[in-house]
Amino acid sequence: MASIASDAVTPTLRTNRLLLEPYVPGDEEGFVALFQDTRVSQWMGDGPATEESDRALFGRIFSKVYPRDLFDVWAVRMDGRLIGHAEIKPTDTVGGHEIVYALAPAAWGSGLGTELASVIVAHGFDTLKLTEVFATVAIQNMASLAVLDKIGFAHVRDIDEDDGGTTRVLSRSLPTSESDR
């Protein structure tokens, strides 16, 4: 099963401190630990899920996402350790490609969120040839909203959720010149 990741079309990306590469089956425990940490999962999708659901989600990366080249999804590593998760995928919610990223709490507050979001957006523009990239963020997630504001995302609209929460839809358009990136 280890050869599955090498067959993935998802490219490896690098920043000054981070390595984004396709998951390998051995990443399952780290993936589940990240998604089971409620400080992280409270901001992802519909919030915290069961361990069984997170393991099934990890399995779908290998059974559906990579084999069908549905979208790019990465293990985020620093110094060889799995510290986060990232994706860029088409979604009906925004009518375009949305970035998704999460970092383990130990990595918070060090600028890694900005570094991570920036490299995913650059991949969207440079490799996927997108003209606009979106993000959806719970309105209470001030840290993520600050990261996205810092890298040029603008508010598009708010979505009132069934649970009473609000999701902010943000977008960033393709820069018109290299100096704008």
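The following refers to the structure shown.

Each value, and the rule that gives it
- Residues numbered from 1 in each chain as written.
- Predicted model: local features only at pLDDT ≥ 70, side-chain atom pairs only at ≥ 80, totals over all residues.
- Heavy atoms only, no water.
- Core = buried A, V, L, I, M, F, W, Y, C linked by side-chain atoms within 4.5 Å.
- Buried < 20%, exposed > 50% of the residue type's maximum accessible area, 1.4 Å probe, protein only.
- Helix = DSSP H or I, 4+ residues; strand = E, 2+ residues; numbered from the N terminus.
- Contact = heavy atoms within 4.5 Å.
- Lys, Arg positive; Asp, Glu negative; His and termini not counted.
- Salt bridge = Lys/Arg side-chain N within 4 Å of Asp/Glu carboxyl O.
- Polar contact = N/O pair within 3.5 Å; in protein donor to acceptor, adjacent residues only side chain to side chain.
- Patch = residues over 30% accessible without salt bridge, like charges linked within 9 Å, V, L, I, M, F, W, Y side chains within 5 Å.
- Areas by Shrake-Rupley, 256 points an atom, 1.4 Å probe, with all protein chains shown as cover.
- Charge placed at Lys NZ, Arg CZ, Asp CG, Glu CD.
- Phe/Tyr/Trp six-rings, centres within 6.5 Å; stacked < 30°, edge-to-face > 60°.
- Lys NZ or Arg CZ within 6 Å of the ring centre and 35° of its normal.

## Considerations on the nonpolar core
Thinking step 1. Grouped together as the largest cluster of nonpolar side chains are 30 residues, with contacts concentrated most on Leu 20, Ile 99, Leu 116, Ile 120, Leu 148 and Phe 153.
Thinking step 2. Residue contributions to this core peak at seven residues, all from helix 5 (residues 112-126).
Thinking step 3. With sequence-adjacent residues up to four places away left out, Leu 116 is seen in contact with Leu 18, Leu 20, Val 76, His 85, Ala 86, Tyr 101, Ala 102 and Leu 103.
Thinking step 4. Counting residues in hydrophobic clusters, the runner-up holds 17 residues, among them Val 32, Leu 34, Ile 61 and Phe 71.

## Focus on the side chain of Asp 54
Thinking step 1. If you trace the backbone, Asp 54 turns up in helix 4 (residues 51-65).
Thinking step 2. Buried and unpaired, Asp 54 has no salt bridge, with Arg 60 as the nearest side chain of opposite charge at 7.7 Å.
Thinking step 3. Beyond its immediate chain neighbours, meaning those up to four positions away, Asp 54 contacts Phe 31, Val 32, Phe 35, Gln 36 and Ala 49.

## Side note on the environment of His 155
Thinking step 1. When you line up the elements, His 155 lands in strand 7 (residues 154-160).
Thinking step 2. The partly exposed category is assigned to His 155, whose relative accessible area is 44%.
Thinking step 3. Here the side chain of His 155 touches Asp 158 through a polar contact of 2.8 Å, side chain to side chain.
Thinking step 4. Here the side chain of His 155 touches Arg 168 through a polar contact of 3.2 Å, side chain to side chain.

## Let's talk about the side chain of Glu 115
Thinking step 1. On the secondary structure map, Glu 115 appears in helix 5.
Thinking step 2. By relative accessible area, Glu 115 is classed as buried at 16%.
Thinking step 3. Here Thr 15 takes part through its side chain, which lies 2.4 Å from a polar atom of the side chain of Glu 115.

## Re a negative patch on the surface
Thinking step 1. Taken together, the side chains of Asp 46, Asp 160, Glu 161, Asp 162 and Asp 163 make up a negatively charged region of the molecular surface.
Thinking step 2. Topologically, Asp 160 is positioned in strand 7.
Thinking step 3. Exposure remark for Asp 160: the relative accessible area of 65% places this residue in the exposed category.

## Quick look at the packing of aromatic side chains
Thinking step 1. Inspection of every chain in the model, using the stated rule, returns six aromatic pairs.
Thinking step 2. A ring pair is formed by Phe 58 and Phe 62, whose centres lie 5.2 Å apart and whose planes are at 65°; its orientation type is edge-to-face. In this pair, Phe 58 and Phe 62 are both assigned in helix 4, four residues apart and thus about one turn of the helix distant. Judged on exposure class, the residue Phe 58 and its partner Phe 62 are both buried.
Thinking step 3. Three or more aromatic residues joined by ring pairs form one cluster here, namely Tyr 23, Phe 31, Phe 35, Phe 58, Phe 62 and Tyr 66.
Thinking step 4. Here the basic side chain of Lys 89 rests over the ring of Phe 71, its NZ or CZ set 5.5 Å away from the ring centre.

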